Amino acid sequence: MGASFALAGISGCNRQPAKEIVPFTNPPEAGLGREGLYYASAYSREGYARGILVEAHSGRPTKIEGNPNHPESLGATDAETQASVLSLYDPDRSQTPMHGPSTATWIDFENDWAPRRTALAQAHGAGFAVLTEPTTSPTLLREIDALLQRWPEARWYQHTALARYDDDGTQTDYDFENADIIVSFDADFLIAHPAALRYSRKFVQRRRRENNNAGPNRLYVAEPTLTLTGAIADARLALAPTEIADLIEQLDRAFGLGTDDAAPASAGRSAPHGSQRDAFIQALARDLKAHAPRVALVSSNTLHSESRTVLHDLHHRLGALGVAVKESPAVRSDSDARARGDLHALVDAIEAGEVSTLFILETNPVYASNRGRFAEALIRVKHAVHLGTRRDETAHRCHWHLPASHYLESWGDLRAFEGTASIVQPLVEPLYQTRNAAQILRLVTGLPAKSDYDMVRETWSRNAASSFDEDWRDWLDQGVVPNAVASRIIPQRRVASATTTAPRASTLAASETKTMFALFRLDPNIGAGEGSNNPWLQELPKPFTHLVWDNAALLSTATAQHLSLENGDVAEFVAADASLHAPIWIVAGQSDNCVILPLGYGRTAAGSVGNNHGFDAFAFAPPDGAQQLALREIRKTGKKHPLVSTHGHSEMEGRDLARVISVDTKATEPAGETEMSLYPDVHYTSYAWGMSIDLTSCTGCNACVIACQAENNIPTVGKEQVSREREMHWIRIDRYISETPNGTRVVHQPVPCMHCEHAPCELVCPVAATVHSSEGLNEMVYNRCVGTRYCSNNCPYKVRRFNFLDFREPAGSTVYLQKNPNVSIRDRGVMEKCTYCVQRINAGRIRAERENRTVRDGEILTACQQVCPTEAIVFGDLSDPQSKVSRRKREPGDYALLAELNTRPRTTYLPKQINPPSALPV
């Protein structure tokens, strides 16, 4: 009762927005019959929009889904977007302005700013600068333009954690449906790209069995460390960045000479991989020539401009532009003519005495910049103001910190990577005294204050038709603004100089082919530290390492053996002018010349969740913004750091767990299942729910893990409890790694509860807490469970989770506002597991019964199914022979995990299909 009263007090902050919001009129099928309403909005990923639907219960945003109307999300989301709803209720969010260490009010800030504004206005903005992240928001860009027009001497700078190269104001987009051959040069485009959801869907559609009329595509990958894109490759080569530049040059030379085959590796500057590299590039050159123009060469946005120019020219020569490759004006503001440069240009201006007043809007450059050069420069700024959702490292160095609104409580707008515009629609009024960046810019110059709602409407009402109000409601309803896509252009051919080759990083001499060097990469879960204070992301096992609550320096097996290093050993990395201590983790598929140092950790002002985890790689990165650094030495310190991994074993030990077949191989029926059983057969007269998971489609992106956590109120337990194998996730992603002549092969296998027909857990429960339903579900009755854990011991799939401790948040925590009211919040001492989202099944069944019909196929979606970008998971009624899940289970090759145990799971798998080049051995 005490917790209930505390929550009642919190709910006073839970107010609907003052302006009208419009529910989604065609909600996703999983929402039918449920309490919640869906509202279309957009989430910012690297400044680009991802269309989302936000589910609300009693005015509380509780769950995020993809907007099927949005061309960039196509009804799916990723782990980062799923977890963003939790950040709205972060107890560490800033609630009021801060003047130094003291709490203040907005009136205090406005009074302090008024005389400074007057002085700056008289100087036409001389000495004033504003720093933002690159954005696509038309409203924010309009306010920046208004500021620069009002104060022509003011300056605008932009900052991202990693340097990017946008050479001529264009951006390259890919149509993977029309690409037979795809080559990735250190580009994790299926995950780490603003268009990754669309790319994943279109890429996998060409791989899936039912869509193979055009034939499956083939993916080549050259990269220094294993990525999720590299893991799904048909041929992969582990190369250092300088070797990738050589490979691009070699490929360019092969087509430039008009030869069928590429020149041998010895023609390049280095050939550390010998025959493997020769075979790779020869097979690649043949495939590109045979399949042109339906080819796509995908470059990393951190690849040097010379290499990108070569790839652009190859697209021209292969005829790929306009077929599988498209170019358009840059949507994001990186190439905006109004901007004065990046963070390094700002530091130069500060050191030159040209900036006396600086506004830093929703970015954290004190932490997320190399070697702390900006932090030293910031001391010279006489008046620094920071706007952010929490008092982070940059806020602590500024004179004023202003609390920013969360995107779920503020009006805004964004464009997607391909140009589609969306209105960012809030679901609640700001929980605290917060404002957004556009409102701050108006305050800066003294323009009349306006609400965020009025500012966004003003942007889109300009040149609007007389039916603007009706159009506005349609835009809010559908989540997209039609006919607002950036126009395409006919790209000009960019040709690299014949005497110029792709340059190497300044820190690595061309002759140092065996030099070890560090590569700096964003953490796959928390990015550059933005997700540090989100416990869902911290406890989400990272791909390949499955580490939680930590980062580690990633080494190849050969390098670790050479240095006598093991997992958890602390090593010292020594460069010319800096050193770093970091624990080691050994990974497969990595170049022997590289050490990967993940960014985003080692924070000191992230919040109570994100502080003091891991090491700060930003402090070791080169001050010039380069993403690689030559190492003089790697020393073993003799110390150990306790790293926690949820899946340290990557081999199947001879068992047929995750199957892999070639597209040329005919899938066979599964073997090992027997019809004989001591269990009585169950005959179902109603629904029989089941699931099929296609391993060909699964990219291991972890979106299903976070979606399940958000939907089912699954708690986080912390690093120490995970080390005791007490993690609570109801679905996990197992991964199996092997080495083949085509490179490192990885198979990702999602493992939820199998819902066995012959469930071993049910027979051993002394209190019948785990029971079989009339629809074939293996159910948990929480109030019967007495915690014997016999069921977990008897489960061969190890998918049952036990609340050893009370993992609930403290009574009265704002985090409870995120909880799904359709799912109970479990106390300690009970077993829990995947239920196929039984609350969604019940809601769909109730609605169908009210309408006097049966549940339609596809009407009920589980949380993991709905979120999946590649539609790898299908759920439905097995008693309907025409349901999609029934058709999948009839496909040749459908198999059950550990079928030889005769548990007869309701969840089965389709094997992973690969399409290796015929010129390379499988």
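Residues numbered from 1 in each chain as written. Predicted model: local features only at pLDDT ≥ 70, side-chain atom pairs only at ≥ 80, totals over all residues. Heavy atoms only, no water.

Another aspect to go through is the overall build of the protein. Helix and strand counts for the protein stand at 24 helices and 36 strands. Counting the 922 residues in the protein, one finds 61% classified as buried. Taking the contacts inside the protein whose residues are at least 6 apart along the sequence as the reference set, 74% of them involve residues at least 24 apart. When the accessible surface of the protein is totalled, it reaches about 34,500 Å², and 50% of it is carbon and sulfur. (Helix = DSSP H or I, 4+ residues; strand = E, 2+ residues; numbered from the N terminus. Buried < 20%, exposed > 50% of the residue type's maximum accessible area, 1.4 Å probe, protein only. Contact = heavy atoms within 4.5 Å. Areas by Shrake-Rupley, 256 points an atom, 1.4 Å probe, with all protein chains shown as cover.)

Now for the packing of aromatic side chains. Tallied over the entire structure, the rule returns 31 aromatic pairs. Taking 6.3 Å as the distance between ring centres and 75° as the angle between the ring planes, the aromatic pair formed by Phe 189 and Phe 203 counts as edge-to-face. Residue Phe 189 is located in the loop between β9 (181–185) and α5 (196–205), and its partner Phe 203 is located in helix α5; the two are separated by 14 residues in the primary sequence. Neither Phe 189 nor Phe 203 differs from the other in exposure class; each is buried. Relative to Trp 475, the ring of Trp 472 has its centre 6.5 Å away and its plane inclined at 65°; by these criteria the two rings are edge-to-face. Pair noted here: Trp 472 and Trp 475 are both in helix α15 (residues 468–478), with a separation of three residues, about one helical turn. Of the two residues, Trp 472 and Trp 475, neither departs from the other in class, the shared state being buried. (Phe/Tyr/Trp six-rings, centres within 6.5 Å; stacked < 30°, edge-to-face > 60°.)

Let's shift gears to the sheet that holds strand β3 (residues 60–66). What holds strands together in a sheet is hydrogen bonding between their backbones, with the strands either parallel or antiparallel. The strand order β1-β2-β3 describes an open sheet built from three strands, whose pairing is antiparallel. The open sheet has two edge strands with one neighbour each: β1 (37–45) and β3. Averaged over all neighbouring strand pairs, the angle between strand axes comes to 40°, with direction disregarded. In the sheet, β1 pairs with strand β2 (residues 48–57) via nine bridges, with the strands oriented antiparallel. Pairing of Tyr 43 across the sheet is with Arg 50, part of β2. Its contacts with the sheet put helix α2 (residues 79–88) on β1, β2 and β3, and the angle it makes with β3 is roughly 170°. (Pairing = 2+ DSSP bridges. Axes fitted to C-alpha atoms, helices over the stretch in contact; angles between N-to-C directions.)

Burial runs high along helix α18 (residues 703–711): nine of the nine residues are buried. Every buried residue of α18 is accounted for by Ala 703, Cys 704, Val 705, Ile 706, Ala 707, Cys 708, Gln 709, Ala 710 and Glu 711. Packed against the buried residues of α18 are β3, α2, α16 (535–538), β28 (732–740), α22 (838–850) and α23 (863–867). Positioned one or two residues after α18, Asn 713 has a phi angle of 55°, which is positive.

What follows is about the confidence of the model for the protein. The predicted model of the protein has a mean per-residue pLDDT of 86, with 88% of residues at 70 or higher. Low confidence marks residues 1–14, where pLDDT is under 50. Its contacts with residues over four positions away, or in another chain, come to 14 contacts. (pLDDT = per-residue confidence, 0-100.)

Attention shifts here to the pattern of salt bridges. Per the stated rule, a full pass over the model turns up 52 salt bridges. When the shortest N-O distance is used, the salt bridge between Arg 206 and Asp 180 registers 2.8 Å. Taken as a pair, Arg 206 in the loop between α5 and β10 (218–223) and Asp 180 in the loop between β8 (170–174) and β9 lie far apart in primary sequence, 26 residues in all. The two residues Arg 206 and Asp 180 agree in class, both being buried. The partner of Arg 373 in a salt bridge is Glu 351, and the shortest N-O contact between them spans 3.5 Å. Remark: Glu 351 occurs in helix α10 (residues 343–351) and Arg 373 occurs in helix α11 (residues 373–378); sequence separation between them is 22 residues. For Arg 373, a relative accessible area of 24% corresponds to the partly exposed category. Where salt bridges share partners, they join Arg 142, Glu 143, Arg 442, Lys 450, Glu 458 and Arg 462 into one cluster. (Salt bridge = Lys/Arg side-chain N within 4 Å of Asp/Glu carboxyl O.)

A word on the sheet that holds strand β35 (residues 907–910). Strand order across the open sheet formed by three strands is β34-β27-β35, with mixed pairing between neighbours. Edge positions in the open sheet fall to β34 (873–877) and β35, since each of these has one partner strand only. Strand-to-strand twist in this sheet, taken as the mean axis angle between neighbours without regard to direction, amounts to 20°. Note: strand β27 (residues 689–694) against β35, four bridges, orientation parallel. Note that in β35 the partner of Ser 692 across the bridge is Thr 908.

On to α2, then. When you tally the buried positions in α2, you get eight out of 10 residues, the bulk of the element. Ala 79, Thr 81, Gln 82, Ala 83, Ser 84, Val 85, Leu 86 and Leu 88 are the residues of α2 that are buried. Each element contacted by the buried residues of α2 is listed here: β1, β2, β3, α16, α18 and α23.

Right, let's talk about the nonpolar core for a bit. Trp 689, Tyr 797, Tyr 836 and Tyr 909 are the most contacted members of the largest nonpolar core, which has 91 residues in total. Considering every element that reaches this core, the biggest residue donor is α18, with seven residues. Excluding residues within four positions of it along the chain, Trp 689 makes contact with Glu 775, Leu 777, Tyr 836, Ile 841, Val 855, Ile 860, Phe 875, Gly 876, Asp 877, Leu 878 and Arg 906. (Core = buried A, V, L, I, M, F, W, Y, C linked by side-chain atoms within 4.5 Å.)

The element strand β21 (residues 569–574) is extensively covered by neighbouring structure, given that six of its six residues are classed as buried. Where β21 lies against strand β25 (residues 633–640), five bridges are found, and the strand directions are antiparallel. Of the residues in β25, the one forming a bridge with Phe 573 is Ile 634. Here five bridges tie β21 to strand β22 (residues 579–586), and the two strands are oriented antiparallel to one another.

Packing of helix α14 (residues 452–461) against α15 leaves a shortest axis separation of 11 Å and a crossing angle of 115°. Between α14 and α15, the crossing angle belongs to the class labelled roughly perpendicular. Considering how the two elements wind past one another, α14 and α15 form a crossing that is right-handed. From α14, Tyr 453, Val 456, Arg 457, Trp 460 and Ser 461 reach across to α15, where they touch Phe 468, Asp 469, Trp 472 and Trp 475. Tallied by class, residues from the contact of α14 with α15 come to six nonpolar, one polar and two charged. (Parallel < 35°, antiparallel > 145°, perpendicular 65-115°, else oblique. Left-handed = near helix turned anticlockwise from the far one by under 90°. Nonpolar A, V, L, I, M, F, W, Y, C, P; charged D, E, K, R; others polar.)

The next thing to look at is unusual backbone geometry. Omega for the bond connecting Ala 292 with Pro 293 falls within 30 degrees of zero, at 10°, which places this linkage in the cis form. Of note, Pro 293 is situated in the loop between α8 (274–291) and β12 (295–299). We note that Glu 46 has phi near 55°; this positive angle belongs to a residue other than glycine. Within the secondary structure layout, Glu 46 lies in the loop between β1 and β2.

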